[in-house]
Amino acid sequence: ETNKLYCTSVKCCIFELKAELNSDKKEKKKEAVKKVIASMTVGKDVSALFPDVVNCMQTDNLELKKLVYLYLMNYAKSQPDMAIMAVNTFVKDCEDPNPLIRALAVRTMGCIRVDKITEYLCEPLRKCLKDEDPYVRKTAAVCVAKLHDINAQLVEDQGFLDTLKDLISDSNPMVVANAVAALSEISESHPNCNLLDLNPQSINKLLTALNECTEWGQIFILDCLANYTPRDDRESQSICERVTPRLSHANSAVVLSAVKVLMKFMEMLPKDLDYYGTLLKKLAPPLVTLLSAEPELQYVALRNINLIVQKRPEILKHEMKVFFVKYNDPIYVKLEKLDIMIRLASQANIAQVLAELKEYATEVDVDFVRKAVRAIGRCAIKVEQSAERCVSTLLDLIQTKVNYVVQEAIVVIKDIFRKYPNKYESVIATLCENLDSLDEPEARAAMIWIVGEYAERIDNADELLESFLEGFHDESTQVTTQQNTQVLHKHTQNTPDSDNPDLRDRGYIYWRLLSTDPVAAKEVVLAEKPLISEETDLIEPTLLEELICHIGSLASVYHKPPNAFVEGSRGVQHKRLPARTASGESAESPDAGQSVGGVSDAPPAVIPSQGDLLGDLLNLDLAPPSASVPVVPASMQMGVDLLGGGLDSLIAVGLAGGTGGMPAGLGGTPAMGGGLGDLFDLGGGVGMATGSYVPPKAVWLPAMKAKGLEISGTFARRGGGIHMDLSLTNNAMSIMTDFAIQFNRNSFGLAPAGPLQVLTPLAQNQTIDVSLPLNTNGPIMKMEPLNNLQVAVKNNIDVFYFSCQYPISLLFVEDGKMDRQVFLATWKDIPSENETQYQIKDFHLNSDAASTKLQGSNVFTVAKRTVDAQDLLYQSIKLTNGIWALAELRIQSITPNYMTRLRTRASLSLSASLWVQFAMLYDCGFLEGLDHFVVFP
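Bear in mind that the values here come from a model prediction, so they are computed numbers and not experimental data.

**Side note on the overall build of the protein**
Point 1. Of the regular secondary structure elements, the protein holds 37 helices and 13 strands.
Point 2. Buried residues in the protein amount to 50% of all 937 residues.
Point 3. In the protein, 67% of the contacts between residues at least 6 apart in sequence involve partners at least 24 apart.
Point 4. Counting every atom, the protein has about 43,700 Å² of accessible surface; 51% of that belongs to carbon and sulfur.

Following this line, the structure appears as structure tokens:
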């Protein structure tokens, strides 16, 4: 019947279909609509029938209505004016007694992407969102996301987002799942809006719905859970216990989503917890089960397992056998299994792994054999106890005389020599026997390196190196470069001329070294080389954490963050695993106990030290400050521990509610708003912030170094965001277009938050000012100096590179005002060796003016007091990566030279850098005498 329908639909003409569509007989009309849909399916243009098909909407037949709606979704965009004819029917159908028709109407209206129709959709959609039937509500929830994609402002104005949030509490699990899916979709385009507003109560509702909704609903909810950060390890364990049953689901997507949630929340569980070990055991079976699916699903599972094994190898350390290659596995599955085998290799299973790899090296697939041979070398480097056995296996493979096996084995043995120098040189003779069979550049370069490095142990090393020189001009760059280096080892200077400028320059450098000072040349070229690392192909830790948060998505298959392959992904956010937090440290947990007066008996919380790369710059292995830092004169040293007793008593006065013991500097200042909360507020004379300090623009890239492009710039913090303000000047003779910008890895992860917006071509002698918003979600790497930023700017002419330095005050965040009690406890908790003292010269601001200026740059005054005619300001700073710095500024009215003290958990080098930037905020010109001894780390 279907074939007949298609054949008839192709042959019949538009006129005949029009007549049938206007027939009085319902069956004939339905058959005509089927023919229209069939013609549309095979690509025939039947848009001319639009009004006739729309007239068929007025029917009670559900099948016919579905067909007409399908036609409308396809042609409404090309016929927007005529699509409005269907609006009345949509509105009417949204009130139909049949819930299927109501849902069908609202779904179709959402799929018709015509602006003129969206305004008519609002009222029916609002009714459907509160419909008594859950099928209609779940359909309407998805429709909100579709409407938001068409007209986001309309959705916000109509209050549909609030209605969606209410649906998370719906009694039907499928409605909850669709509401979560819709809000998640909308959140991707509004990354800064907390639409889902996840809290323990809403999480509990999601977990309740998780057990009852469909498999795709479960995926939506699990992905939403993965974006939640539990308050403490107890809540994390509770969520894991309720998610764990999803690991046994038949749908592999549900399993991977559950694994993602568990991998993320495991970060917060103490490793000595019994449940932690139980969870590790529960994660292994579902991952193993995924490998019994068809090859395409196996590959996706293996790519995800590769990430999991890099993060937590203990999960699958006893499951090595499931990754052994099968004869009928596709090559892409074989290679991925091989990689995971190496990652799981240990002293306990290395014998089993080597036996498998040796077997793989005899396969017929050349690419797989090469990978297998390389895998043997990686095992030798990773498991030191197996190195001898690996070398023996490689020698056995060399004896096979299979050309590509021999060459791969030589490349691998070179790496083993680098890892274990002077240990396995006895095999060199066997390697030299195979010189004539080497024809691949990498193998020849490896052999040259071996001969040059161990020339004193090879009798005819000179002859061997000269034999490689015979075809010097025909060799690849990789080989000739290695020849040049190893020839220097033998102090021969007859390297032929080369057309390769890099190689020629290297030869000149070596020749001049030898001509000037052979001893120095020996020290340079024969210097001790660093050992190669065990795992050279591991994913960078920060990227690995982000990919773990994307398990089950394309990012986990590509092993790239979403913004690397999703074009225009303004909503894609960098995700990080949560920090491990003990339950007692939770900010959300209730107070342990209160005294009668309402004051906690427990000591004030101390800000915990940060353990990760972002949170603790101690991990950067920074050098201490220069020994040339001047010693503070004894007369300027702090005479008493002003925070040890004085501030304690000051806080005690505030707790008592009186002013009797208040120092003179605060005696006459009334409390703003009353109570302890405002005791030290600066409203009584300090004033409001005047805005953060912005350095003047400097030339970062002169025109002579950038083919006529001059770039000047500065950094500023505005509205809670970081900005790079640039001035681009075209001093060239041609127009410049297609500007783009990229940052290298840096100490604080600074990265562009969007593209460089140069919307018009830059004409000759024209200057354009551009403000580039920045974030701190980029990759981290210690720079020298700490605040150095390396930038690449591209245009239609070339790519240009420059470096600049940003003020660390740029990273001071707005929520850096510390509670007074926490300030006191934290100051005492930080070791005295982490304190830095400096003398500031020619300082002509009073304490109120200084505090005002600093507050404009997010340096907040926590307390102020006056002791012996000296104003003391206690100030707190918080950086974007969570580091806190506490400061004391001592201001004397009788001298322009003042004292500062800075305490931070970070290194003293960071303290020095902080204080240089801190001092610049005063904008007073008192840096003379300070900059000569402060050394940036």
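**Focus on the sheet that holds strand 13 (residues 898-904)**
Point 1. Taken in spatial order, the 5 strands line up as 9-13-12-11-10 in an open sheet, and their pairing is antiparallel. Unpaired on one side and paired on the other, strand 9 (835-840) and strand 10 (860-867) mark the two borders of the sheet. Taking the axes of each pair of neighbouring strands and ignoring which way they run, one obtains an average angle of 15° across the sheet.
Point 2. Note: strand 10 against strand 11 (residues 870-878), 7 bridges, orientation antiparallel. Looking across to strand 11, one finds that Thr-866 is bridged to Asp-871.
Point 3. Its contacts with the sheet put helix 35 (residues 820-829) on strand 9, strand 10, strand 11, strand 12 (884-892) and strand 13, and the angle it makes with strand 12 is roughly 95°.
Point 4. Strand contacts of helix 36 (residues 847-856): strand 10, strand 11 and strand 12, with the helix running at about 5° to strand 11, the strand carrying the most contacts.

**Comments concerning the packing of helix 8 (residues 99-111) against helix 9 (residues 115-129)**
Point 1. The contact between helix 8 and helix 9 brings their axes to 10 Å, and the two run at 140°. Comparing their axes, helix 9 and helix 8 come out oblique. In this structure, helix 8 crosses over helix 9, and the sense of that crossing is left-handed. Side by side, helix 8 and helix 9 meet where Arg-102, Val-106, Met-109 and Gly-110 of the first sit next to Tyr-120, Leu-121, Leu-125 and Cys-128 of the second.

**A look at the nonpolar core**
Point 1. Ranked by size, the top nonpolar core spans 177 residues in total, and within it Tyr-71, Leu-72, Leu-125, Leu-206, Val-243 and Phe-417 carry the most contacts.
Point 2. Beyond its immediate chain neighbours, meaning those up to four positions away, Leu-125 contacts Val-106, Ala-140, Cys-143, Val-144, Leu-147 and Phe-160.
Point 3. Counting 44 residues, the second-largest nonpolar core is a separate cluster that includes Leu-786, Val-791, Ile-808 and Ile-883.

**Notes on the packing of helix 17 (residues 252-265) against helix 18 (residues 274-290)**
Point 1. Running from N to C, helix 17 and helix 18 point in directions that differ by 155°, and their axes come no closer than 11 Å. Taken together, helix 17 and helix 18 sit at an angle that is classed as roughly antiparallel. Regarding helix 17 and helix 18, the two cross each other, and that crossing is left-handed. Here Ser-252, Val-255, Leu-256, Val-259, Leu-262 and Met-263 of helix 17 lie close against helix 18, whose contacting residues are Leu-279, Leu-283, Pro-286, Leu-287 and Leu-290.
Point 2. Here the residues of the contact of helix 17 with helix 18 sort into 10 nonpolar, 1 polar and no charged.

**Brief notes about the packing of aromatic side chains**
Here a ring pair, both rings aromatic, is described through the centre-centre distance and the interplanar angle of the planes.
Point 1. Per the counting criterion, the structure on display carries 9 aromatic pairs.
Point 2. Look at Tyr-420 and Tyr-424: their rings are 6.2 Å apart centre to centre, the planes differ by 85°, and that puts the pair in the edge-to-face class. In this structure, Tyr-420 and Tyr-424 share a single accessibility class: buried.
Point 3. Centroid distance Phe-823 to Tyr-874: 6.3 Å. Interplanar angle 70°. Geometry classified as edge-to-face. On the criterion of sequence distance, the pair formed by Phe-823 in helix 35 and Tyr-874 in strand 11 is long-range, its members being 51 residues apart.

**What to know about the pairing of strand 3 (residues 721-730)**
Point 1. Taken across its 10 residues, strand 3 has 9 buried, putting it largely inside the fold.
Point 2. Bridge analysis of strand 2 (residues 709-718) against strand 3 gives 10 bridges, and the strand direction is antiparallel. Bridging across to strand 3, Arg-717 finds its partner in Ile-722.
Point 3. Between strand 2 and strand 3, which pair antiparallel in sequence order, lie 2 residues; one of them, Gly-719, sits at a positive phi of approximately 55°.
Point 4. Here strand 3 runs beside strand 6 (residues 767-775); their pairing, made up of 8 bridges, is antiparallel. Along strand 6, the bridge assignment pairs Thr-729 with Thr-767.

**Structural notes on the sheet that holds strand 2**
Point 1. Within the open sheet, the 5 strands sit side by side as 1-2-3-6-5. Their pairing is antiparallel. The open sheet has two edge strands, strand 1 (698-701) and strand 5 (751-752), and neither has a second partner.

**Considerations on helix 15 (residues 215-225)**
Point 1. Of the positions making up helix 15, those classed as buried are Gly-217, Gln-218, Ile-219, Ile-221, Leu-222, Cys-224 and Leu-225.
Point 2. Lining the buried residues of helix 15 we find helix 13 (173-189), helix 14 (200-210), helix 16 (233-243) and helix 17.

**Observations regarding the pattern of salt bridges**
Point 1. The tally for this structure, following the rule as stated, stands at 30 salt bridges.
Point 2. Among the salt bridges present, the one from Glu-63 reaches Lys-34, with a minimum N-O distance of 3.5 Å. With Glu-63 in helix 5 (residues 62-75) and Lys-34 in helix 3 (residues 26-41), this residue pair connects regions lying 29 residues apart in the sequence.
Point 3. Residue Glu-63 is classed as partly exposed on the basis of its relative accessible area of 38%.
Point 4. For Glu-235, the salt bridge is made with Arg-231, and the minimal N-O distance between the two is 3.3 Å.
Point 5. Residue Glu-235 is classed as buried on the basis of its relative accessible area, which comes to 10%.
Point 6. What emerges from the salt-bridge pattern is a single network uniting Glu-27, Lys-30, Glu-31, Lys-34 and Glu-63.

**Structural notes on the environment of Ser-386**
Point 1. On the secondary structure map, Ser-386 appears in the loop between helix 22 (366-382) and helix 23 (387-398).
Point 2. Judged by relative accessible area, Ser-386 falls into the buried class, the value being 2%.
Point 3. As a C-alpha pair, Ser-386 and Gln-347 span 39 residues in sequence and 7.2 Å in three-dimensional space.
Point 4. When neighbours within four sequence positions are excluded, Ser-386 is seen to be in contact with Ile-350, Cys-379 and Ala-380.
Point 5. A distance of 3.5 Å separates a polar side-chain atom of Ser-386 from the backbone oxygen of Cys-379.

**Examining the pairing of strand 12**
Side chains on a regular strand alternate between the two faces of the sheet.
Point 1. A large share of strand 12 lies buried, amounting to 9 of its 9 residues.
Point 2. Side chains of strand 12 alternate between two faces, with Trp-884, Leu-886, Glu-888, Arg-890 and Gln-892 and Ala-885, Ala-887, Leu-889 and Ile-891 buried alike.
Point 3. In terms of strand pairing, strand 12 meets strand 13 through 6 bridges, oriented antiparallel. Bridge pairing in strand 13 links Ala-887 to Leu-902.

**Points about helix 24 (residues 403-419)**
Point 1. With 17 residues, helix 24 should cover 24 Å at 1.5 Å per step; its first-to-last C-alpha distance of 25 Å lies within 8% of that length.
Point 2. In terms of residue burial, helix 24 counts as a mostly covered element, since 12 of its 17 residues are buried.
Point 3. Turning to helix 24, its buried residues are Val-405, Val-406, Gln-407, Glu-408, Ala-409, Ile-410, Val-411, Val-412, Ile-413, Ile-416, Phe-417 and Lys-419.
Point 4. Taken together, the buried residues of helix 24 touch helix 22, helix 23, helix 25 (428-432) and helix 26 (441-453).

**As for unusual backbone geometry**
Point 1. In this model, Glu-784 is joined to Pro-785 through a cis peptide bond whose omega is 0°.
Point 2. On the secondary structure map, Pro-785 appears in the loop between strand 6 and strand 7 (788-794).
Point 3. The phi angle at Lys-401 is positive, at roughly 65°, despite the residue not being glycine.

**Things to note about the environment of Val-176**
Point 1. Mapped onto the fold, Val-176 is located in helix 13.
Point 2. The exposure class assigned to Val-176 is buried, which follows from its relative accessible area of 2%.
Point 3. In this structure, Val-176 is in contact with Leu-167, Ile-168, Asp-170, Leu-206 and Ala-209, ignoring residues within four places of it in sequence.

Cut-off values and rules
- Per chain, residue numbering runs from 1 following the sequence as it is written.
- Only residues with pLDDT of 70 or above have their local features reported here, since the model is predicted, and side-chain atom pairs are shown and tallied only from 80 upward, although totals for entire chains, interfaces and linings are computed over all residues.
- Excluded from the side-chain calculation are hydrogens and water; included are all heavy atoms of the structure.
- Strands are runs of DSSP state E lasting at least 2 residues, helices are runs of H or I lasting at least 4, and numbering of each runs from the N terminus.
- The buried label applies to any residue whose accessible area, calculated with a 1.4 Å probe on protein chains only, is under 20% of its type's maximum; exposed applies above 50%, and partly exposed to all values in between.
- What makes two residues a contact is simply this: any of their non-hydrogen atoms within 4.5 Å.
- For the accessible areas, the method is Shrake-Rupley and the probe is 1.4 Å, while residue cover comes only from the protein chains on display.
- A pair of strands counts as paired when DSSP detects no fewer than two bridges linking them.
- Convention adopted: a line fitted to C-alpha atoms gives each axis, helices being fitted over their contacting stretch, and angles between N-to-C directions are expressed from 0 to 180 degrees.
- Small angles under 35 degrees read as roughly parallel and large ones over 145 as roughly antiparallel, with 65 to 115 read as roughly perpendicular and the rest as oblique.
- Crossing handedness: left-handed means the near helix sits turned counterclockwise from the far one by under a right angle, and right-handed means the same turn made clockwise.
- Residue types Ala, Val, Leu, Ile, Met, Phe, Trp, Tyr and Cys, when buried and joined through side-chain atoms within 4.5 Å, form a set referred to as a nonpolar core.
- The classification used treats Ala, Val, Leu, Ile, Met, Phe, Trp, Tyr, Cys and Pro as nonpolar, Asp, Glu, Lys and Arg as charged, and all other residues, Gly among them, as polar.
- Two aromatic rings from Phe, Tyr or Trp, using only the six-membered ring of Trp, form a pair when their centres are within 6.5 Å; if the ring planes differ by under 30 degrees the pair is stacked, by over 60 it is edge-to-face, and anything between is tilted.
- Put simply, a salt bridge is a Lys or Arg side-chain nitrogen that is within 4 Å of an Asp or Glu carboxyl oxygen.
- N or O atoms closer than or at 3.5 Å make up a polar contact, with two conditions inside protein: a donor-capable atom paired with an acceptor-capable one, and, for residues adjacent in sequence, both atoms drawn from side chains.
- A helix is expected to span 1.5 Å for every residue after the first.

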